[in-house]
Amino acid sequence: VEFVTEEGLSLDMAQPETMTAIEVDGPTHYLIKGKGKQQIENGRTKLKSRILRQLGWTVLHVPYFEWDTLIDASDQDTYLDSKIKSRMQ
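Because the structure is predicted, anything quoted here is derived from the model rather than measured. Sequence positions are assigned chain by chain, starting from 1 and proceeding in written order. Local features in a predicted model are, by the rule used here, given only for residues with pLDDT of at least 70; side-chain atom pairs are given and counted only at 80 or more, and totals for whole chains, interfaces and linings are based on all residues. Heavy atoms throughout the structure, all of them, feed into the side-chain values; hydrogens and water do not.

Caption draft 1: A look at the layout of surface pockets. With a 1 Å grid laid over protein atoms only, a set of points is called a cavity when a 1.4 Å probe fits there but cannot get out and a pocket when it is open yet has protein on both sides within 12 Å along at least five of seven lines; lining residues have an atom within 4 Å of a point. Grid points are joined across faces, edges and corners, and a volume is the space filled by probe spheres set on the points. Taken as a whole, the largest pocket encloses approximately 180 Å³ of empty space. Around the largest pocket, the lining residues are Glu-23, Asp-25, Thr-28, His-29, Asn-42, Arg-44, Thr-45, Lys-48, Ser-49, Leu-52, Val-59 and His-61. Numbering goes from the N terminus for both helices and strands, where a helix is a DSSP run of H or I of at least four residues and a strand is a run of E of at least two. For the lining of the largest pocket, the elements supplying multiple residues, two or more each, are β4 (20–25), α1 (43–54) and β7 (58–63). Classifying every residue of the lining of the largest pocket gives two nonpolar, six polar and four charged. Residues are sorted three ways: Asp, Glu, Lys and Arg are charged, Ala, Val, Leu, Ile, Met, Phe, Trp, Tyr, Cys and Pro are nonpolar, and all the rest, Gly among them, are polar.

Caption draft 2: How the structure looks around the environment of Asp-77. Structurally, the position occupied by Asp-77 is in helix α3 (residues 73–88). Only protein chains enter the accessibility calculation, which uses a 1.4 Å probe; a residue is then buried when its area is under 20% of its type maximum, exposed when over 50%, and partly exposed in between. For Asp-77, a relative accessible area of 48% puts it in the partly exposed group.

Caption draft 3: Looking closely at α1. Expected span, for any helix, means 1.5 Å times one less than how many residues it has. Between its first and last C-alpha atoms α1 spans 16 Å; for 12 residues at 1.5 Å apiece the expected length is 16 Å, and the two agree. Taken residue by residue, α1 has Thr-45, Ser-49 and Leu-52 as its buried positions. For α1, the angular spread of buried residues about the axis comes to 65°, placing them on one side. Along α1, exposed side chains directed more than 90 degrees from the buried face belong to Gly-43, Arg-44 and Gln-54. Pairs of N or O atoms within 3.5 Å make up the polar contacts considered here, provided that, within protein, one atom can donate a hydrogen while the other can accept it, and that residues adjacent in sequence are counted only when both atoms are side-chain atoms. Near the N-terminus of α1, the side chain that reaches the backbone nitrogen of Arg-44, with its oxygen 3.3 Å away, is that of Asn-42. Throughout, the arc means the angular range of directions from the helix axis out to the C-beta atoms.

Caption draft 4: Layout of unusual backbone geometry. For Met-19, which is not glycine, the phi dihedral falls at a positive 55°. Note that Met-19 resides in the loop between β3 (13–15) and β4.

Caption draft 5: Representation of the pattern of salt bridges within the structure. Here, a salt bridge means any side-chain nitrogen of Lys or Arg that lies within 4 Å of a carboxyl oxygen of Asp or Glu. Summed over the entire model, instances satisfying the criterion amount to two salt bridges. Of the charged contacts in the structure, one is a salt bridge between Lys-48 and Glu-23, with a shortest N-O distance of 2.8 Å. Taken together, the positions of Lys-48 in helix α1 and Glu-23 in strand β4 put the pair 25 residues apart, joining distant regions of the chain. A salt bridge links Lys-83 to Glu-66; the shortest N-O distance between them is 3.9 Å.

Caption draft 6: Examining α3 more closely. Across its 16 residues, α3 extends 22 Å between first and last C-alpha, which sits within 8% of the 22 Å expected from 1.5 Å per residue. Two or three places before Ser-74, at the opening of α3, Asp-72 has a side-chain oxygen 3.2 Å from that residue's backbone nitrogen.

Caption draft 7: Spotlight on the sheet that holds β3. The three strands lie next to each other as β3-β4-β7, forming an open sheet whose pairing is mixed. Strands with a single pairing partner mark the edges of an open sheet, and in this sheet they are β3 and β7. With direction set aside, neighbouring strand axes in the sheet form an average angle of 15°. Two strands qualify as a pair provided DSSP detects at least 2 bridges between them. With three bridges joining them, β3 and β4 adopt antiparallel strand pairing. Its bridge partner being in β4, Met-13 is matched across the sheet by Ile-22. Running over the sheet, α1 touches β4 and β7 and is turned about 155° from β7. We call two residues contacting when some pair of their heavy atoms lies within 4.5 Å. Only the contacting stretch of a helix is used when fitting its axis, a line to C-alpha atoms as for every element, and angles between N-to-C directions run 0 to 180 degrees. Against the sheet, α3 makes contact with β4 and β7, and its axis sits at roughly 150° relative to β7, the strand it touches most.

This is the structure:
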């Protein structure tokens, strides 16, 4: 469920009470760097994250290339739990 902040920033998922956002980043959020084809966040994605952090949001990113490797809902739940717990510490 998309959420829009008071500042007009669109978030894929959000818990406004704790100012926590989950952004599901597809291929258009990345640039390919070098011969190893390392994927790095593009400028627009970095800027949005920076703005959200300045506004007090905690932003969790779910890169498509990590999500796509998960086999089933159990793996997805474990992945998200791990992301959330590591960010909240």
